[in-house]
Amino acid sequence: MYTTQKQVRSAFWETFDGLPGISRRQIRDYSGTGKMHNTDTRCAFVDYVDSLARDGQISEALAQRVTL
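To start, this report covers the structure provided alongside it.

Rules and cut-offs
- Residues numbered from 1 in each chain as written.
- Predicted model: local features only at pLDDT ≥ 70, side-chain atom pairs only at ≥ 80, totals over all residues.
- Heavy atoms only, no water.
- Salt bridge = Lys/Arg side-chain N within 4 Å of Asp/Glu carboxyl O.
- Helix = DSSP H or I, 4+ residues; strand = E, 2+ residues; numbered from the N terminus.
- Expected span 1.5 Å × (residues − 1).
- Buried < 20%, exposed > 50% of the residue type's maximum accessible area, 1.4 Å probe, protein only.
- Contact = heavy atoms within 4.5 Å.
- Core = buried A, V, L, I, M, F, W, Y, C linked by side-chain atoms within 4.5 Å.
- Phe/Tyr/Trp six-rings, centres within 6.5 Å; stacked < 30°, edge-to-face > 60°.

### Thoughts on the pattern of salt bridges
Next, step 1: Taken as a whole, this structure holds two salt bridges when the rule is applied.
Next, step 2: With a shortest N-O distance of 3.3 Å, Asp 17 and Arg 24 are connected by a salt bridge.
Next, step 3: Across the salt bridge formed by Arg 54 and Asp 50, the nearest N and O atoms sit 2.9 Å from each other. Of this pair, Arg 54 and Asp 50 are both found in helix α2 (residues 39-54), four residues apart, which corresponds to roughly one turn of the helix.

### Considerations on α2
Next, step 1: Across its 16 residues, α2 extends 23 Å between first and last C-alpha, which sits within 8% of the 22 Å expected from 1.5 Å per residue.
Next, step 2: Along α2, the residues that are buried comprise Thr 41, Ala 44, Phe 45, Tyr 48, Val 49, Leu 52 and Ala 53.
Next, step 3: Contacts from the buried residues of α2 go to α1 (5-16) and α3 (60-65).
Next, step 4: Gly 56 sits one or two positions beyond α2 and adopts a positive phi of about 80 degrees.

### Let's talk about the nonpolar core
Next, step 1: Val 8, Phe 12, Val 49 and Ile 58 are the most contacted members of the largest nonpolar core, which totals 16 residues.
Next, step 2: Put simply, the parts of the chain that give this core at least two residues each are α1, α2 and α3.
Next, step 3: Looking at this core, the element that brings in the most residues is α2, giving six residues.
Next, step 4: Residues in contact with Val 8, not counting those within four places in the same chain, are Tyr 2, Phe 45, Tyr 48, Val 49, Leu 52, Ile 58, Leu 62 and Val 66.

### Considerations on the packing of aromatic side chains
Next, step 1: Enumeration over the complete set of coordinates arrives at five aromatic pairs.
Next, step 2: Through successive ring pairs, a cluster of aromatic residues spans Phe 12, Trp 13, Phe 16, Phe 45 and Tyr 48.

### Details of α1
Next, step 1: The end-to-end C-alpha distance of α1, which contains twelve residues, comes to 16 Å, matching closely the 16 Å that a straight helix rising 1.5 Å per residue would cover.
Next, step 2: Restricting attention to buried positions, one finds in α1 the residues Val 8, Ala 11, Phe 12, Trp 13 and Phe 16.
Next, step 3: Looking at the packing, one finds that the buried side of α1 touches α2 and α3.

Quick look at the structure:
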C-alpha cells in the first residue's frame with residue numbers, strides 16, 4: 001500500500017518508464033511559463049492512479065491529491 005505521493009510517482013515511473021509515448025521529458029505548458037508532461041504520460045498516470053485507488057492500494061484522498 002502506498003501512503004505518499006512520492007511513492008506513487010516512483011511506482012509509476014518504475015512501471016511505465018521507457019514505454020512508447022511515456023516520457024519523463026517535460027514540455028512547455030500552454031501559457032509558456034512552466035513545464036508539463038506530454039498527453040500520453042499524463043493520461044497513463046491518471047489511469048494508473050485510478051487503478052491503484054480501485055484496487056485499494058492507495059486511499060481515495062491520496063488519489064485525489066497526487067500529481068505527476
